[in-house]
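# Overview (structure and organization)
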Amino acid sequence: MSVGAAARRLACPCALVAAPAAHAHGFGQRYDLPLPLSLYVTGAALTVAVSCVMLAVFVRSSPHGAGEARFRLLPEALARHGAVRLLVALARTIAVAGYLLVVAAGFAGNQNPFKNVAPVTVWALWWVGMAYVSALVGDVWKIVNPLETIFRVAERAGLRALRRELPPAAGVWPAVALYLVFIWMEIAWDASDRPAAIAAAIAAYSLVTWIGMFVFGAEAWLAHCEAFARLFGTLARFSPSEVRVAGGRLIEWRLRPYAVGLLPRAPLGISEIALVVVILASVSLDGFLETPAWAAIAEGMDDWPVSPRTLAIALAPLLFLGIYIIFCRLIAWSAGGVSTRRVAGLFAPTLVPIAIAYQIAHYLSFLAMAGQYIIPLASDPFGVGWDLFGTGTYFVRLGLVDARAVWYVSVAAIVAGHIAALFLGHLLALREFAGRRAAVRSQWPMLVLMVGYTTLSLWIIAQPIVTTR
Amino acid sequence: MIPRMGACKQVLLLILAVLAVAVPAAEPWRTIDLRVAERRLENGPKTIRLVRGERVTLRWVADEKMTVHVHGYDIALALEPGIMKAMPIEARVAGRFPVTAHLAPGAGGRHREPTLLYLEVQPE
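Procedures and definitions
Residues numbered from 1 in each chain as written. Chains lettered and ligands numbered in written order. Predicted model: local features only at pLDDT ≥ 70, side-chain atom pairs only at ≥ 80, totals over all residues. Heavy atoms only, no water. Helix = DSSP H or I, 4+ residues; strand = E, 2+ residues; numbered from the N terminus. Expected span 1.5 Å × (residues − 1). Buried < 20%, exposed > 50% of the residue type's maximum accessible area, 1.4 Å probe, protein only. Axes fitted to C-alpha atoms, helices over the stretch in contact; angles between N-to-C directions. Parallel < 35°, antiparallel > 145°, perpendicular 65-115°, else oblique. Left-handed = near helix turned anticlockwise from the far one by under 90°. Contact = heavy atoms within 4.5 Å. Nonpolar A, V, L, I, M, F, W, Y, C, P; charged D, E, K, R; others polar. pLDDT = per-residue confidence, 0-100. Phe/Tyr/Trp six-rings, centres within 6.5 Å; stacked < 30°, edge-to-face > 60°. Lys NZ or Arg CZ within 6 Å of the ring centre and 35° of its normal. Polar contact = N/O pair within 3.5 Å; in protein donor to acceptor, adjacent residues only side chain to side chain. Pairing = 2+ DSSP bridges.

Right, let's talk about helix H8 (residues 173-187) of chain A for a bit. An ideal rise of 1.5 Å per residue puts 21 Å on 15 residues; H8 of chain A measures up with 21 Å between its terminal C-alpha atoms. If you check which residues of H8 of chain A are buried, you get Ala175, Val176, Tyr179, Phe182, Ile183, Met185, Glu186 and Ile187 of chain A.

Right under this line is the structure:
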């Protein structure tokens with residue numbers, strides 16, 4: 001969840017530079033100013049103050065069911081209506097067309113990352129944009145996933161999936177593994193902004209997905225193995241809407257309050273806990289790798305045989321998991337009568353709002369800047385000199401979003417994410433632990449963990465960005 | 001009537017005078033000398049901090065052939081060894097922009113695209 005290096009390496013818009021071919025700095029390059037000390041301190045103070053106030057309120061509150069409120073934006077009967085189905089089909093057609101265009105342009109188009117539609121579409125619009133949409137609007141990926149659409153079309157044309165049983169031990173481990181590979185490509189892969197490399201990676205992933213869907217059936221593959229279905233699905237649990245899709249058909253679309261979708265009905269399995277922790281770790285790692293602290297570490301590893309970034313991607317999830325389990329032990333111990341395993345399975349999703357808030361703060365100005373590349377590239381997706389819509393000469397504007405506004409939105413988002421996380425943690429504690437006293441006691445370690453994670457986010461955006469590649 | 005018009009004029013003059021003090025003419029160009037040796041900045045600050053609207057001239061001297069590139073602003077300057085060249089920058093957009101050296105295609109060695117310094121433009 002970091003457009004980190006991938007985008008970072010979308011070469012500089014080097015048109016004006018003497019020797020463009022030689023340069024490769026990221027498409028993902030961000031020019032954000034570090035958060036000023038005053039705002040950093042304000043954000044941290046707010047975080048702590050809010051935590052204390054919420055705990056005090058929580059001590060006096062009584063258990064009640066939250067997340068029951070639902071509003072049927074698109075009830076079943078309406079979802080079956082022809083017009084709705086036409087709209088869904090239209091959205092899917094656009095997604096498939098975009099997918100095919102990116103792959104074609106990647107393989108056949110201009111290989112300058114700024115003159116090909118593939119890098120901007122994949123790293124800015126899809127990767128960052130879809131994460132925003134998933135978290136703030138709803139699980140749109142579930143509806144438009146082009147890989148699923150194409151597979152369903154093939155099924156309708158007569159393809160019969162084998163529908164072998166996925167071994168139960170698989171859990172969502174395949175999705176975790178594929179997501180880690182993707183994160184590596186984004187953060188550590190040198191070719192991540194090369195159009196042909198992007199297209200090849202998409203082709204390979206598509207092939208894996210279709211073979212998996214053919215062998216195990218589309219539903220099982222999407223639920224356990226498709227990394228982006230699981231990732232965007234996890235982010236969308238925060239969103240104010242719930243999309244129900246069955247057999248490739250949109251069944252229902254309901255509105256709900258933000259964040260309540262993250263309240264788990266049952267404890268997550270081990271692989272699902274791992275997935276959440278890997279998401280949390282990858283979000284923070286992406287930002288951490290741009291700090292002077294990391295630059296110092298990477299310099300010290302200059303002569304190591306393994307790339308520092310690859311090592312970081314391998315170790316960060318383990319570090320996060322270790323810390324999380326320690327805190328789960330503390331929670332279980334202070335609440336009493338509950339196992340660490342159960343606590344770990346219940347509370348992992350409550351940390352997701354903090355990651356989402358950080359993601360929003362981190363990519364706000366990047367999306368506003370890098371996303372603009374789609375304007376000229378829509379007119380000339382292959383970078384061969386077309387001007388289909390007359391926007392081919394559009395010049396990307398920096399500073400479209402005011403630097404000061406970015407600071408304020410970032411701090412506000414991070415504090416809001418923290419409040420959402422606390423709220424979920426408290427609700428869950430009341431629901432799960434016997435008696436209010438045990439519930440309140442259990443929230444002290446949780447509070448420390450959440451304040452720590454939120455402060456890490458604030459600290460990262462208060463660091464000056466340093467390029468280390 | 002006439003004295004009142006005079007008062008008007010005086011007020012107008014006063015306003016103009018205040019404006020002249022409050023809104024000074026565009027700031028003069030500041031000059032910073034920078035020397036690059038062995039692909040590192042030898043002198044000068046690692047981060048140049050400006051406030052939006054400020055104008056600065058970076059005067060570069062390097063010990064090898066390279067192109068100095070201010071990212072974001074996308075200003076590039078080709079340098080020849082030992083010859084000083086000036087790079088005027090008007091800080092119109094806030095942000096933190098790396099300034100890297102792009103070495104000549106034939107140049108060997110490690111650190112082929114060293115970041116020399118950062119240009120940090122703060123909002124007013």
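From this point on, the discussion continues.
Time to look at the packing of helix H2 (residues 37-60) of chain A against helix H19 (residues 436-461) of chain A. Residue and element names in this part refer to chain A. Two numbers describe how H2 lies on H19: the axes approach to 10 Å, and their chain directions differ by 165 degrees. Taken together, the axes of H2 and H19 lie roughly antiparallel to each other. Remark: the crossing between H2 and H19 carries right-handed chirality. Residues Tyr40, Gly43, Ala44, Thr47, Val48, Ser51, Leu55, Phe58, Val59 and Arg60 of H2 lie in contact with H19, whose contacting residues are Arg436, Ala439, Val440, Gln443, Trp444, Leu447, Val451, Thr454, Leu458 and Trp459. The residue inventory of the contact of H2 with H19, partitioned by class, reads 13 nonpolar, 5 polar and 2 charged.

All names here are of chain A. Confidence in the prediction for chain A averages 90 pLDDT; 92% of positions are at 70 or higher. Summarising per-element confidence for chain A, the mean pLDDT is lowest in helix H1 (residues 4-8) (43) and highest in helix H9 (residues 195-216) (98). Residue range residues 4-25 is modelled with pLDDT below 50. Its contacts to residues more than four positions away, or to other chains, number 86 contacts.

Time to look at the packing of aromatic side chains. For any pair of aromatic rings, the description rests on two quantities: the centre-to-centre distance and the angle between the ring planes. Enumeration according to the criterion identifies 24 aromatic pairs over all chains in this entry. An angle of 40 degrees between the planes, with centres 5.4 Å apart, marks the rings of Phe238 of chain A and Tyr258 of chain A as tilted. Taken together, the residues span a long stretch of sequence, with Phe238 of chain A in the loop between helix H11 (227-236) and strand E2 (241-246) and Tyr258 of chain A in the loop between strand E3 (249-255) and helix H12 (270-288) at a distance of 20 residues. You can call Phe238 of chain A buried: its relative accessible area is 11%. Note on Tyr258 of chain A: relative accessible area 41%, which makes it partly exposed. Ring-pair connections join several aromatic residues into one group, and the members of that group are Trp123, Trp126, Trp127, Trp141, Phe182, Tyr205, Phe228 and Phe232 of chain A. One cation-aromatic arrangement involves Arg96 of chain B over Tyr118 of chain B; the distance from NZ or CZ to the ring centre is 4.0 Å.

Another aspect to go through is the environment of Gly138 of chain A. Residue and element names in this part refer to chain A. Residue position: Gly138 is located in the loop between helix H5 (117-136) and helix H6 (140-144). Separated by 194 residues in the primary sequence, Gly138 and Ala332 place their C-alpha atoms 33 Å from one another. Aside from chain neighbours lying at most four places away, what touches Gly138 is Val133, Ala236, Ser239 and Ser241.

All right, on to the environment of Thr291 of chain A then. All names here are of chain A. Along the chain, Thr291 falls in the loop between H12 and helix H13 (292-300). Here the alpha-carbon distance between Thr291 and Ala314, two residues 23 residues apart in the chain, equals 19 Å. Residue contacts for Thr291: discarding those within four places in its chain leaves Trp459, Ile460, Gln463, Pro464 and Val466. Of the polar contacts made by the side chain of Thr291, one reaches the backbone oxygen of Phe288; its length is 2.7 Å.

With that settled, consider the sheet that holds strand E3 (residues 47-51) of chain B. Residues and elements named next belong to chain B. Taken together, 5 strands build an open sheet; the order of strands is E3-E9-E8-E5-E6 and the sheet is mixed. Looking at the sheet topology across the chains shown, the edges are occupied by E3 and strand E6 (75-79). Put simply, the sheet's adjacent strands are angled 20 degrees from each other on average, direction ignored. Pairing geometry for E3 and strand E9 (residues 115-122), over 5 bridges, is parallel. Of the residues in E9, the one forming a bridge with Leu50 is Val121.

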